[in-house]
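Working through the structure, step by step
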Number of protein chains: 2
Amino acid sequence: MNEILKSGAGGASGRGGPTFAPLYRQTQALLLRSLQQGEWKPGEAIPSETELAARFGVSQGTVRKAIDELAAGNLLVRRQGRGTFVASHQEVRTQFRFLRIRPDEPAGDGAPTAMPTTSRFLDCRRLRAPVEVARQLQLRTAEPVVQIRRLLEVDARPTVLDEIWLPGARFRGLSAERLSSYSGPLYGLFEAEFGTRMIRATERLKAIAADAAVAHELDVAEGSPLLLVERLTYTYEDVPVELRRGYSVTTHHHYFNELI
Amino acid sequence: MNEILKSGAGGASGRGGPTFAPLYRQTQALLLRSLQQGEWKPGEAIPSETELAARFGVSQGTVRKAIDELAAGNLLVRRQGRGTFVASHQEVRTQFRFLRIRPDEPAGDGAPTAMPTTSRFLDCRRLRAPVEVARQLQLRTAEPVVQIRRLLEVDARPTVLDEIWLPGARFRGLSAERLSSYSGPLYGLFEAEFGTRMIRATERLKAIAADAAVAHELDVAEGSPLLLVERLTYTYEDVPVELRRGYSVTTHHHYFNELI
DNA sequence: TAGTGGTCTAGACCACCGT
DNA sequence: CGGTGGTCTAGACCACTAA
């Protein structure tokens, strides 16, 4: 199981020839491979820094730097005195990393404390991917996809109508029953049941006028301004695995963002 | 000019008594103080790591870690072989850190290449702070503030109407002439002419219906859905120094965000 | 008490930059 | 070439956690 690092591995430079990646990046790549292959599952501890240093034949400091960056990217979580763990969407800390809709009043800038959110599934169907969905998910048109629609109620108000598209091949057993029998974050289900961990996402926001169908679901007047959040979510190696369109009522809520 | 660090300085713990901050955090605090006091101006190089290590009486590795975090927070910029520089809003890299509106089509996820943006100033007035503005800027109601209104045109389309509020005391000589005679990013002017550097910002986004006045400026129909971006910008030590309300037309543009 | 991550050091060497 | 940041190491000690 030991891996040997040599100068001369991986890395890509600007022009032509391949360059040499620093040891800590090679170490990082090996860790990423193990994570992707599921050697350690979400929530589990990875080996200690000393152990990894021995395995990879580098110093502890080098392993440390490799882990540092993975922890910064929310792939790993360090806990002093306990170890380093594979991040999981089932944990509370990670809960609000991807949900940026907040009630207007209470919390200042920090994460909302106990925001009573319930998710109601409307339907879950298997379809052939429309052109635009296929393009964004990097599938061929008409490849099988799963479409989920659900309503998020925050503070007992219907607030977000989500329309979620997933590659059919990757989410084979996904069904309406499976969804409604599961409580907890959707991404938690995905990582536990389908081995697909959402790593990062890009979002595009627009203001649009509610059409009749959406207005009805959200209990607002047709033509009301809605916040449209289009999200593309990626798993390891920058593979897009979820397209999501969220239609949000922002009369008592807002989308929160921090620029650093 | 030398500073001596001892165990026992700064830092705040959960309960009661003060705790000891690690050396690299104390170093960071000293660097921050120098930055805030303008010992090194935006765009200038700070002393080398070795030099700082000697000045603060710590090892180079400790200075390095202190700088690492400041660089991660975009306060400093490292350039291999050249030195470490105070970040500046006058540079091109920093340009799009705070402007998240992008044209729909061209660029993928990367920063837009040569997005033709022109800023037209509508007015610049000195007023007494309305309640809500005062609250957010942590001023007393009716304290003097500067209000700037401007129109951003992207790709020759009127796209964002900005309404900017600044504390009057901090921006004393700011006037319409000063603004129109200055080309370049607003934050560049603020840091160069008023010694106030914008460090981070929080934004709250909503979808709203355009009222008559805003609709007229943006050349859209009254009631059209607009993206409202309310930004609170902070300088050193988390002091809020700018409140901005941006009304964006998102028919051909969107607000881009990345979740990590 | 043993094991983990967190801090700190000193020193070596490399990669890059300007002169 | 000299100076800068970037990498890597080995070892010491601290702080926290769990058994």
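Residues numbered from 1 in each chain as written. Chains lettered and ligands numbered in written order. Predicted model: local features only at pLDDT ≥ 70, side-chain atom pairs only at ≥ 80, totals over all residues.

1. Some points on the protein's contact with DNA strand C
We count it as follows: Near, as applied to residues and a molecule or strand, means the residue's backbone-placed C-beta atom lies within 6 Å of it. Under the scheme used here, helices are H or I runs from DSSP no shorter than 4 residues and strands are E runs no shorter than 2 residues, and both carry numbers assigned from the N terminus. Amino acids outside the nonpolar list (Ala, Val, Leu, Ile, Met, Phe, Trp, Tyr, Cys, Pro) and the charged list (Asp, Glu, Lys, Arg) are all regarded as polar, and Gly is one of them.
The local shell around DNA strand C holds 18 residues, among which Leu-23, Ser-59, Gly-61, Thr-62 and Gly-81 of chain B are the closest. Looking at the surface near DNA strand C, the elements with two or more residues in it are α2 (49-56) and β2 (83-86) of chain A together with α1 (23-36) and α3 (60-72) of chain B. Per-class residue counts for the surface near DNA strand C are four nonpolar, 11 polar and three charged.

2. Regarding the sheet that holds strand β9 (residues 239-248) of chain B
Put simply, the rule reads: When DSSP locates at least two bridges between a pair of strands, those strands are taken to pair. The angle between two axes is taken between their N-to-C directions and runs from 0 to 180 degrees, where each axis is a line fitted to C-alpha atoms and a helix contributes only its stretch in contact.
Strand order across the open sheet formed by eight strands is β3(A)-β10(A)-β7(B)-β8(B)-β9(B)-β6(B)-β5(B)-β4(B), with antiparallel pairing between neighbours. Every other strand in the sheet has two partners, leaving β3 (101-103) of chain A together with β4 (117-128) of chain B as the edge strands with one partner each. Averaged over all neighbouring strand pairs, the angle between strand axes comes to 25°, with direction disregarded. Direction of pairing for strand β6 (residues 157-167) of chain B relative to β9 of chain B: antiparallel, over a ladder of six bridges. Counterpart to Asp-162 of chain B in the pairing with β9 of chain B is Gly-246 of chain B.

3. Considerations on the relation of the copies chain B and chain A
Convention followed: To line up the copies, we fit them by least squares on C-alpha atoms, keeping just the residues with pLDDT of at least 70 in both. This entry defines residue contacts through backbone-placed C-beta atoms, with two residues in contact when those atoms are within 7 Å.
The operation relating chain B to chain A is a screw motion whose rotation component is 180°, with 0.0 Å of axial translation and a residual RMSD of 0.0 Å. Both copies are brought into coincidence by an operation consistent with a two-fold rotation axis. Both copies contact each other with a shared surface, as 100% of the interface residues of chain B are interface residues in chain A too.

4. Topic: the interface of chain B and chain A
Listed by partner, the interface residues are 26 residues for chain B and 26 residues for chain A. Those elements giving two or more residues to the side of chain B that touches chain A turn out to be β7 (200-209), β8 (225-235) and β10 (253-259) of chain B. For the side of chain B that touches chain A, the element with the most residues is β7 of chain B, which contributes 10 residues. Residue composition of the side of chain B that touches chain A, by class: 13 nonpolar, six polar and seven charged. As defined by bridge partners, strand β10 (residues 253-259) of chain A adjoins β7 of chain B across five bridges and the pair is classed as antiparallel. Bridge assignment links Leu-259 of chain A to a residue of β7 of chain B, and that residue is Ala-201 of chain B.

Treat this as a map of the structure, not an account of what it does.
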